[in-house]
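# Residue-level structural notes
Residue-level listing of the chains:
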Amino acid sequence: MSRPELVAPPEIYYGDIEAKKYTQNTRNQQIQADMTYRALEILNLPPEEPAFLLDIGCGSGLSGEILDEEGYIWTGVDVAPSMLEVALEREVEGDLFLQDIGQGFGFRPGSFDGAISISVLQWLLNAETSHPTSSPPHRLNRFFTTLHSALRNPSRAVFQFYPSSDDQIQLITSIAQKAGFGGGIVVDYPNSKKAKKVFLCLFVGGGGSQQQIPKGLEGEEEEDNRVRFERRRDRERGKAKSGKRGSLKDRDWILKKKELYRKRGKEDVPRDSKYTGRKRKAVF
Amino acid sequence: MVRLITHNLLACHVKGCNTNNFPLQFRDIQIELREAEFNPDFLKGFMPKIEWKALVDAARQLGDTSLPLEQPEMLDDEFLKNLHHVLLEVKEV
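These figures come from a predicted structure and were not determined experimentally.

All names here are of chain A. Within the element layout of this structure, Asp 250 appears in the loop between helix H9 (230-242) and helix H10 (251-263). Residue Asp 250 is classed as partly exposed on the basis of its relative accessible area of 34%. The spacing of Asp 250 and Arg 139 is 111 residues in sequence and 71 Å in space, taken between C-alpha atoms.

A separate point is the side chain of Thr36(A). Residue and element names in this part refer to chain A. Positionally, Thr 36 belongs in helix H3 (residues 26-43). The class for Thr 36 is buried, based on a relative accessible area of 0%. Apart from the residues lying within four places of it in its own chain, the contact partners of Thr 36 are Ser 63, Ile 66, Ile 116 and Ile 118.

Attention now goes to the UniProt feature "domain: Methyltransferase type" (unreviewed entry) in chain A. Annotation from UniProt places "domain: Methyltransferase type" (unreviewed entry) at residues 54-127 of chain A. Across residues 54-127 of chain A, helical content stands at 23% and strand content at 27%; the span's end C-alpha atoms are separated by 25 Å.

One broad rule of soluble globular proteins: the nonpolar side chains tend to lie buried together. Ranked by size, the top nonpolar core spans 57 residues in total, and within it Ile56(A), Leu121(A), Phe143(A), Phe144(A), Leu147(A), Phe159(A) and Leu83(B) carry the most contacts. Beyond its immediate sequence surroundings of up to four residues, Phe143(A) is in contact with Ile56(A), Ile101(A), Phe105(A), Leu121(A), Leu124(A) and Phe159(A). Counting residues in hydrophobic clusters, the runner-up holds 23 residues, among them Met35(A), Cys58(A), Leu67(A) and Phe203(A).

This part takes up the layout of surface pockets. All names here are of chain A. Taken as a whole, the second largest pocket spans an internal volume of roughly 640 Å³. As for the second largest pocket, its lining consists of 34 residues, of which Val 79, Gln 99, Asp 100, Ile 101 and Gly 102 are closest to the centre. Residue assignment for the lining of the second largest pocket shows that the elements contributing at least two residues are helix H1 (10-13), helix H4 (62-69), strand E2 (73-78) and helix H6 (136-150). Residues that form the lining of the second largest pocket fall into these classes: 14 nonpolar, 13 polar and seven charged.

Residue and element names in this part refer to chain A. The strand order across the open sheet formed by seven strands is E3-E2-E1-E4-E5-E7-E6, and the pairing between neighbours is mixed. At either end of the open sheet lies a strand with only one pairing partner, and these are strand E3 (95-98) and strand E6 (182-188). Put simply, the sheet's adjacent strands are angled 15° from each other on average, direction ignored. As judged from the three bridges shared by strand E1 (residues 52-56) and strand E4 (residues 112-118), these two strands associate in the parallel manner. Across the sheet, the residue bridging to Asp 55 is Ile 116, located in E4. Here H3 sits on the sheet and contacts E1, E4, strand E5 (151-161), E6 and strand E7 (197-204); the angle it forms with E4, its principal contact strand, is near 145°.

Procedures and definitions
Residues numbered from 1 in each chain as written. Chains lettered and ligands numbered in written order. Predicted model: local features only at pLDDT ≥ 70, side-chain atom pairs only at ≥ 80, totals over all residues. Heavy atoms only, no water. Helix = DSSP H or I, 4+ residues; strand = E, 2+ residues; numbered from the N terminus. Buried < 20%, exposed > 50% of the residue type's maximum accessible area, 1.4 Å probe, protein only. Contact = heavy atoms within 4.5 Å. UniProt positions renumbered as here; feature names shortened; annotations may be inferred. Core = buried A, V, L, I, M, F, W, Y, C linked by side-chain atoms within 4.5 Å. 1 Å grid on protein atoms, 1.4 Å probe; cavity = no way out; pocket = protein on both sides within 12 Å on 5 of 7 lines; lining within 4 Å. Points joined across faces, edges and corners; volume = space filled by probe spheres on them. Nonpolar A, V, L, I, M, F, W, Y, C, P; charged D, E, K, R; others polar. Pairing = 2+ DSSP bridges. Axes fitted to C-alpha atoms, helices over the stretch in contact; angles between N-to-C directions.

This is the structure in structure tokens:
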């Protein structure tokens, strides 16, 4: 698996070109949409009440679009100007902030009913300079403490991210706990290499009994997740096994061939008739 | 580009900046109106979170005087419509 967060910091990696590519890729769109829906499910907001959400690392607004559709009012922050540019072009409803989440938020306490973040946290795990304030623990700490205060009590924050090791999960959860959050990790499809998704589900307030960590989805992922062209291969394989290969030189093939010869100007090509390509009668 | 609803939630978070950090002042702004869907339930749920004085001041600065100075007890339709307009349809650019 390629890890863009190891290539360059987000605001540089998602430059103009990469931002466009990322947004137009239909596979990306699909994955983002699925994860947003799943995050909303984990967020477990009371139905009927339109909530005010924070989209952390909103990027080009792929997830924000779904929040719009679902009737939520939202505000997004992201560190990559090019991504936000694309979001503006796409005219999403939410307000957009150019902000480094590692430096914390400037929202008044209790502003949001919930927060979601799709595929973002892993970007916080690399130090860009050796200065102490750019170390991952320091940035995570700032991020979680300010986020904790910006959320309403009780509420939830759901982060989907791609940890590269268990140590990273450990680091993130311990810092989140220090910042006052409860909650933990939810893993969907833990046995699948491809469909596995890690969600960090954090609670603000509410005590232990009221809020429970939702269960991760288990079992086999749907067949849909397979590669698109595989069916053709299946069909071919099925044919080879069944032994019926279909006659190679059937009537269609002969007609095509004769047509070709005529076009090339070959002489003495027999006429097409009802006898063309017909089987001879068994003589004996 | 920020709607007034978000402006009402923003405070300065620079370290040591603890007094006089809210609301943020407008500077070099243009106003843009953009329609949004009217949603009374959301507004009712959001009322307790609003810092009323700051919102009214901000709206007046932008030349919108449809909101009363005091936060009203009764929420009638017209008031909600005005609130909706101010909160969600006025944007500073």
